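Structural characterization, general
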Amino acid sequence: MNKDVVRYNVQLYIYDLSRGMARSLSPIMLGKQLDGIWHTAIVAYGDEFFYGGEGISSCPPGGTMLGPPDTVVELGETEVSEDIFMEYLSSLGESTYRGDMYRLFEHNCNTFTNEVAQFLTGSPIPSYITDLPSEVLSTPFGQILRPILDSIHIAPPGGNVINGGRNV
């Protein structure tokens, strides 16, 4: 093992946007139990990075209006330097993760954190998070709500847009 290699801790911050309501209302509305409506962010290099309708943003950990996360998952460590990571995010913000590319069900904060987690650590985020859209859409009520929900762009206030605003 090379002692000169610097490693950085990588965490997944998980927020329940429903504040617990999904757990109680989902059986009635969807006919299946959902434990939350998940928003996720990657925490590395002393900042929290997330994706929403404004593009890729960052803030101090727990610094959005969502407050502290409901759950923190240790994803591991990375040897990717902060400079390389910021170049990577800038590239994503100009292409794949521009604000106007946001889609609640197909291309969202969880898609972003899953991709970034794999870039940094080689491992994905938990599947219960990435599978949530297909679980909702597999229900009749989810299909009824889809046109309304497709128009929603989630962008937690409190972050600084890194790149890729709503280039429309």
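Residues numbered from 1 in each chain as written. Predicted model: local features only at pLDDT ≥ 70, side-chain atom pairs only at ≥ 80, totals over all residues. Heavy atoms only, no water.

By the naming in an unreviewed UniProt entry, the protein goes by palmitoyl-protein hydrolase and is assigned to Gouania willdenowi. The Catalytic activity (unreviewed entry) comment attached to the protein in UniProt states, word for word, "S-hexadecanoyl-L-cysteinyl-[protein] + H2O = L-cysteinyl-[protein] + hexadecanoate + H(+)". Quoted straight from UniProt, the Sequence similarities (unreviewed entry) entry for the protein says "Belongs to the DeSI family." (UniProt positions renumbered as here; feature names shortened; annotations may be inferred.)

For the rest of this paragraph, the subject is the nonpolar core. Ile42, Phe85, Leu89, Leu92, Phe112, Val116 and Leu120 are the most contacted members of the largest nonpolar core, which totals 31 residues. Elements with a contribution of two residues or more to this core: strand E1 (8–16), strand E2 (38–44), strand E3 (47–52), helix H2 (82–94), helix H3 (109–121) and helix H5 (132–137). Once residues within four sequence positions are removed from consideration, valine 116 is found in contact with Ile42, Phe85, Tyr88, Leu89 and Leu92. Membership of the second largest hydrophobic core comes to seven residues, among which are Tyr15, Phe50, Cys59 and Leu66. (Core = buried A, V, L, I, M, F, W, Y, C linked by side-chain atoms within 4.5 Å. Buried < 20%, exposed > 50% of the residue type's maximum accessible area, 1.4 Å probe, protein only. Helix = DSSP H or I, 4+ residues; strand = E, 2+ residues; numbered from the N terminus. Contact = heavy atoms within 4.5 Å.)

Here the focus is the pattern of salt bridges. Close approach of charged atoms lets side chains of opposite charge pair. Scanning the model with the defined rule gives three salt bridges in all. As a salt-bridge pair, glutamate 79 and arginine 7 come within 2.9 Å of each other at their nearest N and O atoms. With glutamate 79 in the loop between strand E5 (71–78) and H2 and arginine 7 in the segment before E1, this residue pair connects regions lying 72 residues apart in the sequence. Take arginine 7: its relative accessible area is 36%, and that puts it in the partly exposed class. The salt bridge partner of arginine 98 is aspartate 100, with a shortest N-O separation of 2.9 Å. Note on aspartate 100: relative accessible area 16%, which makes it buried. Residues participating in the shared-partner salt-bridge network are Arg7, Glu77 and Glu79. (Salt bridge = Lys/Arg side-chain N within 4 Å of Asp/Glu carboxyl O.)

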